[in-house]
Every structure is written in structure tokens, then in C-alpha cells.
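Structural characterization, general
These are the residues of each chain, in order.
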Amino acid sequence: MNSDIRVRFAPSPTGLLHIGGLRTALYNYLFARHHGGTFVLRIEDTDRARYVEEAEQDILESLAWAGLHPDEGPAVISTDEKTSDADATGGEAKNVSRIDYDADAAKGQRPGDTGLGYKGTFGPYHQSKRRERYAAFAQQLIDAGHAYYAYDSVEEIEKMREQLRTPENQNPKYDPQTRMQMRNSLTLSEQEIQELLEEGAEYVVRLKVPGGETVQFDDMVRGSVSFDTDGLDDQVLLKADGMPTYHLATVVDDHEMKITHVIRGEEWLSSAPKHILLYRYLGWEPPAMAHLPLIMSPGGGKLSKRKAEEEGIPVNVRDYRIGHYERDAVVNFLALLGWSPGDDRELLALEEMAEEFTLERVGKSGAIFDFKKLMWFNEHYLRERSDDELAEELMALISERGLPGYDSLESLSEAQKALAGDRKYLSGMVRLLKERVSRLPEFLESGAFFFEAPKEYNEKAVKKGWKDDTPVRITAYRDRISGLNDGDFRAYGLKQILTEIIEAEGIGFGKLMMPLRVAVTGTGSGPDLFETMELLGRDEVVHRLDAAIAKLG
RNA sequence: GCCGCGUUCGUCUAGGGGUCUAGGACGCCGCCCUUUCACGGCGGUAGCACGGGUUCGAAUCCCGUACGCGGUACCA
């Protein structure tokens, strides 16, 4: 299946990729895949002041992590093993033949480019590299009388706003009503303009919005939407620094890149009519538009960095990467935040989602980010993975960060290093802990006792289970198991021995079980104790029992 | 303030005039399983914002109100 459908994800490199941005990217990706179209990545770096050096790299890495590989756009710089096999859509092969290196990018002129290539033939995919185009179209608009030069300083504009501000009009606009009082090419004489130019005065180019018109368009999510042009302002098209604003740049690029469907967040709905006007004045056919509902914070309002942090919700995709969240879980969860396949299915692979995805099934109202549900997805996908695979990832995690309480691999003891490098041991640990952790790093926290004898014992568990006669019984158990051969130190046998002791003593199972658990793991809860002891091994278990008796008396 | 968009269980949603005494999932509660904690299984709790219409019949269509959200920059 193939089609001319082209969509784009066009983030601004003003910060780390936001989780909401990832959802927008995801919906674009799914739409493209569903229709056999093309998914374009474009970097909207027209704001010099807010440019963040590391942002673009983060965007590329985050998309790669999520498995949303653009068909066109700046090339991904580094992909680790996990992300390189992440593309299950088969889009990769198609792209290779299309790689078309952008000359400018190869020179590495801008920070953030680092000499990267681009793939795709509609580049460059950085707006900062397309300045001449915007200027040319701005000029075209001026020539046609749909735009004009404005020389007002920000102070002058602010002054106008203050003077005109009333309770009914709290935010006066630069618009058909006010523009004739301002300093622009509509109000100044030829000579005055000439003088300003000679002085080298700064200017912007503004869109001349018509008065008394209604701009109507059909949004693929919302249906018919209409705005009165009287509510629009004379949007700045070209800024004083020569850079275009979002509005001009996005319209020009979407047209030049042959974007057929603009799928973006609802925060853009209000500016859509300006874009429609621009398409009209430029003589272009506007693309279909779809404005997605916003992702909301549990406390209300758009999920912002601040709000999210207050709620304990990671907001940057990088946080999810670093936190070793399951990417399938994050993607699945995000997909369902505003979209549903129409039936009761909740667990969907990327390919399934692509198959089912349509904009008709996207909801209209904002969706609150439910972190608990995300964790449910995370647990699900975590448990779907094999013990060996998870063990492998844990091994990498440990060599990268050490263990909880230790800040690096170097700070670990030789014994710990040996365990951390033992695939079989790690895999066994994963098997025992898999059902009780939510995220990969938690294996190391919940399973701390697999790397180290307990330094302290959980107070509540001790109080509850460690009685005066406990040491005697633990000792009895210890003596029985210490005599076992390595090959006999197995869960089944260990349980047998315990059963024999409690029967001989005429006590309940838990009477010995609880203190034993405390002695071995330091806690009152956890995975099957006998399996745990088997994995730890005879010497270690005996050692721990001795230590517990010594410490707890 | 103005403009725009929205409103089904606490949350994500199914539902597009009768099949809805509104279905699923997360959460929460209970029971079962069980050496603990979990996993799992079973069951339960809980919702069509409100008011008018239209219609034989409305969660579904229309209008209004309320509430929420977005926009209102030489930011995207």
C-alpha cells in the first residue's frame, strides 16, 4: 500500500521533547502508516532566543526510542541496539534509497546540526535553513497587498494596548481597527518609509487580515469550525531578525513539503484561520487539518512541566527513557489518550494501532494523564518480556549506574560485581521478582538483597515474627541446610526441611517462615523464600542466618 | 473581557434516536488462590453536567445555561 498522503511532526527545539509532543508525533505516525503515506520530521527552529542546544538531539533520540522513525527529516544520529531494531513497520528499507544529504547540513553550520545528513528530498528540514523562502513569500504577499511592513517598536505596541485596553477588550490587537494608528507602510508616506529604511530601522512584516469575513474550515476531528476575521490580529509573518514566525513558516513548509494532513495539538486551533488566509493569499490549497485534544494534568489544565512535576508525572520523554519505562507501554498508553480502536481492545502493538488508526476515532475533549494506568501498561509489557532479556538489560543498567545505594559499577564489591555479571543469576532474580515490580530499575531496589546480605532488618517484620524462641529454631534449620550438597540446595528440599522442623516442633508454618524471611532478605515480604534461598546459594544463606541470629539475638 | 473548542463511572473510553435497567479498561473495595508481598481468577462500587425543545421514543439531534480547556506575543 502506498499513497501520496504526507504528514509531519514539527516540534520546536526549545526544550526536551514533551510527552504530549510524543503523542502528536505518534498520531501523525499512525496516520501515515495506516494510509501507507509518509511521516516527515521538521524542526521548527525559528526562535533564536528560545533555542536549546540539546533539544534536537533529544527529539531525534526520543522518537527513535518510541519507534516512530520519520521517513523524511534530519537523520537520526545515534541509535543503540534497542532502538535500531525498534522499527517493526518495515519503513526502514524504504528510506535508505531516499537518503539525500543536504549540503548545508553537511557543513555543520549550526549548533545542533553537527554535520548531519538529512533523508528525504524536500529538505532542508530545519526552518532556520529556509529563510530565503519565507522572505520571498512574504514579499509576494506584500506585493499582492495582503501584508505590509510595520515599524512599531514593542514599546509602541504595548503603549497602544494599554491605551485601548477596556474591560470589554482586555487585550487590544494589532488589527484592522488599530493598524491605521500605527507606524507601518499603510500609514506612512513613501518618503517616511524611505527614511526609515535609510536609518536601518527595524521592521516586521504583518499579515493584513480582512475585516468582516468568516473563515470556515472542516477539522477532521472537530468538524466544521469557523472564525470571524474581526477576531484575528495582523499576525507578524516575518520578525525583525528576518526569521519567519511559526505561522508563515509552517504554511510555507507544509505546502512546499506537500503535506496533505496537518495533525497537531488543539492549542493551534485558534491560529488555523490565519493559516487558511495565508494559503488563500498565496494561492495554495490548504491541507486537511486535525486538531488533537490536549493532554491534561490530573489537577486540570494543559499538562505543563510544572503541573506534571507536582503530580509526580514525568513530562519529558527523556525521563521515560532514563527511567527505563517500557516503550511499548508508553506508546500504547499515549495512543489511547484521545483515541480508541472502537472496540474493547486496550493492549495494542504499534502495527495494530497503525492498522486501526483513523482520525474519526480521535476524541474531541482533553484527556487527563492517568499515571496509574500507564503503570498498569508498563507492568503488563514488562511481564511479557523474557527473563533473559530483562536480565541483559539489568546487567547494562548496573554497569552504567551501579546498584541502588552505590553510584557506579566501581563502587561495588567484587562479590557484587560477580553477581551483576552473572546472566543466569540475574535471570533467576528476574523470574522471582517479575510479578512484583512496575519498572525495570525496581528489580534492583526490590531485589537489593540478591546482591547483598541485609544490613538492617525491617522493624515491623522483626517485631511481628522474631520471638524469643526464634534463634533456636533458625539455628536448627541452619544446621540442617548447611549440610546439604550444592546440588541438593533446592527450593523443594528446603521447604521439606522446614516442614519437618515445624511438624516436629508442633508449630505453624509462618512461625518459622517469617523470621527466616527476615533473616535472609531483611524484609517481611517478597518472592518465594525457598526459590530465593536456592538462588542465593547455601553458603550465602547460612551466612545470613548466622548474621541474623547474631544481630537479632 | 473577547474568540474558539469541549462536557458518558474518580480516570481513559465504547456508544453516532429504540438492541442502554449505558459496555470495557485502570483505580478502588471484597472474595478466592497463597508461607508473606505480589501475579492471577471471581465479584462489587461508580457515569450520560443542567434546563428547554424536536420526536411515538434522546446519552445519542437542536437551542440555552453552567462548568472546563485553549487562544488572545516580533513563542512555538
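Here the residue numbers are simple positions, counted from 1 along each chain's written sequence. Ligands are numbered from 1 and chains lettered from A, in the order in which they are written. Residue-level local features of this predicted model are given only where pLDDT is at least 70; pairs of side-chain atoms are given and counted only at 80 or more, and the full residue set underlies all totals for whole chains, interfaces and linings. With hydrogens and water stripped out, all remaining heavy atoms of the structure feed into the side-chain values.

**Some points on the overall build of chain A**
Here a strand is any run of E in DSSP of at least two residues, a helix any run of H or I of at least four, and the numbering for each starts at the N terminus. Each helix and strand counted, chain A has 25 helices and 13 strands in total. Here the radius of gyration uses the C-alpha set of atoms, whereas the globule reference equals 2.2 Å times the residue count to the power 0.38. Since a compact globule built from 553 residues should have a radius of gyration of about 24 Å, the 31 Å found for chain A marks it as more spread out than a globular shape. Seen along its three principal axes, the alpha-carbon backbone of chain A occupies a region of about 110 × 55 × 50 Å. Of the contacts formed within chain A by residues at least 6 apart in sequence, a portion of 72% connects residues at least 24 apart. To be clear on the numbers: accessible area is Shrake-Rupley with a 1.4 Å probe, and residue cover counts the displayed protein chains and nothing else. Surface summary for chain A: the accessible area is close to 25200 Å², and the carbon and sulfur share equals 49%. Side-chain charges of chain A comprise 68 positive and 96 negative groups, with the mean position of each set lying 3 Å from the other. Whether two residues are in contact is decided by their heavy atoms, any of which lying within 4.5 Å being enough. Charge counting follows a simple rule: Lys and Arg are positive, Asp and Glu are negative, and His as well as the terminal groups are ignored. Lys charges are placed at NZ, Arg charges at CZ, Asp charges at CG and Glu charges at CD.

**Notes on the environment of Leu 68**
Note on placement: Leu 68 falls in the loop between helix H2 (55-66) and strand E3 (73-74). Sequence-wise, Leu 68 and Leu 30 are 38 residues apart; in three dimensions their C-alpha atoms are separated by 8.9 Å. Sequence-distant contacts of Leu 68, defined by excluding residues within four places in its chain, comprise Leu 22, Ala 25, Leu 26, Tyr 29, Phe 39, Leu 63 and Leu 350.

**Comments concerning helix H16 (residues 387-401)**
The end-to-end C-alpha distance of H16, which contains 15 residues, comes to 21 Å, matching closely the 21 Å that a straight helix rising 1.5 Å per residue would cover. Only protein chains enter the accessibility calculation, which uses a 1.4 Å probe; a residue whose area is less than 20% of its type maximum is buried, one above 50% is exposed, and one in between is partly exposed. Every buried residue belonging to H16 is among Asp 387, Leu 390, Ala 391, Glu 393, Leu 394, Met 395, Leu 397 and Ile 398, and all of these are buried. Two residues or fewer past H16, Gly 402 is found with a positive phi of approximately 80°. Multiplying 1.5 Å by the residue count of a helix minus one yields the expected span of that helix.

**Description of the packing of helix H6 (residues 131-143) against helix H10 (residues 272-282)**
The N-to-C vectors of H6 and H10 enclose an angle of 75°; their axes lie 10 Å apart at closest approach. By the angle between their axes, H6 is roughly perpendicular relative to H10. Across from Phe 137, Gln 140 and Leu 141 in H6, the residues of H10 making contact are Leu 278, Tyr 281 and Leu 282. Grouping the constituent residues of the contact of H6 with H10 by class yields five nonpolar, one polar and no charged. Note on method: axes are straight lines fitted to C-alpha atoms, helices fitted across the in-contact stretch only, with angles between N-to-C directions ranging 0 to 180 degrees. The cut-offs work like this: below 35 degrees is roughly parallel, past 145 is roughly antiparallel, 65 to 115 is roughly perpendicular, and the gaps in between are oblique. Note that Gly is not counted as nonpolar here; it falls among the polar residues with everything else outside the nonpolar set of Ala, Val, Leu, Ile, Met, Phe, Trp, Tyr, Cys and Pro and the charged set of Asp, Glu, Lys and Arg.

**Details of the packing of aromatic side chains**
The aromatic pairing rule takes the rings of Phe, Tyr and Trp, using the six-membered ring of Trp, and pairs them if the centres are within 6.5 Å, calling planes under 30 degrees apart stacked, those over 60 edge-to-face and the rest tilted. Scanning the model with the defined rule gives 15 aromatic pairs in all. Taken together, a centroid distance of 5.0 Å and an interplanar angle of 80° make the contact between Phe 137 and Trp 284 edge-to-face. One end of the pair, Phe 137, is in helix H6; the other, Trp 284, is in the loop between H10 and strand E11 (288-292), and 147 residues separate them in sequence. Pair check on accessibility: Phe 137 and Trp 284 agree, each one buried. On the numbers, 5.0 Å between centres and 75° between planes, the contact of Phe 333 with Phe 369 is edge-to-face. Separated by 36 residues along the polypeptide, Phe 333 in helix H13 (residues 327-335) and Phe 369 in the loop between strand E13 (367-368) and helix H15 (371-384) bring together distant segments of the chain. The same class applies to Phe 333 and to Phe 369, which are both buried. Connected via pairs of aromatic rings, a cluster forms that spans Phe 333, Phe 369, Trp 376 and Phe 377. Throughout this description, the term charge over a ring refers to an Arg CZ or Lys NZ atom that lies within 6 Å of the ring centre and within 35 degrees of the ring normal. Arg 6 extends its terminal NZ or CZ atom over the ring of Phe 122, reaching a point 4.1 Å from the ring centre. Above the plane of the ring of Tyr 27 lies Arg 23, whose end atom (NZ or CZ) is 5.1 Å from the centre.

**Structural notes on the sheet that holds strand E6 (residues 204-207)**
Only strands that DSSP links by at least two bridges are regarded as paired with each other. Judged by pairing direction, the sheet is antiparallel, and its three strands sit side by side in the order E5-E6-E9 without closing on themselves. Across the chains shown, the open sheet's two edge strands, defined by having one partner strand only, are strand E5 (147-150) and strand E9 (236-238). Between one strand axis and the next, the sheet turns by 45° as a mean value, whatever way the strands run.

**As for the nonpolar core**
Nonpolar cores are built from buried Ala, Val, Leu, Ile, Met, Phe, Trp, Tyr and Cys residues. Side-chain atoms within 4.5 Å join them into one set. In this structure, Leu 22, Leu 68 and Phe 369 are the most contacted members of the largest nonpolar core, which totals 56 residues. Broken down by element, the residue count for this core peaks at nine residues, all from helix H1 (residues 19-35).

**Brief notes about the pattern of salt bridges**
Between Lys or Arg on one side and Asp or Glu on the other, a salt bridge is scored when a side-chain nitrogen of the former is within 4 Å of a carboxyl oxygen of the latter. This structure, assessed with the given rule, holds 45 salt bridges. A salt bridge links Arg 318 to Glu 54; the shortest N-O distance between them is 3.4 Å. Of this pair, Arg 318 sits in helix H12 (residues 317-322) while Glu 54 sits in the loop between strand E2 (38-41) and H2, placing them 264 residues apart in sequence. The exposure class of Arg 318 is partly exposed, given its relative accessible area of 25%. Here Glu 54 falls in the partly exposed class, since its relative accessible area comes to 40%. Each of Arg 8, Arg 42, Glu 44, Arg 130, Arg 133, Asp 253, Asp 254 and Glu 256 takes part in one network of salt bridges that share partners.

By themselves, these figures tell us nothing about what the structure is for.
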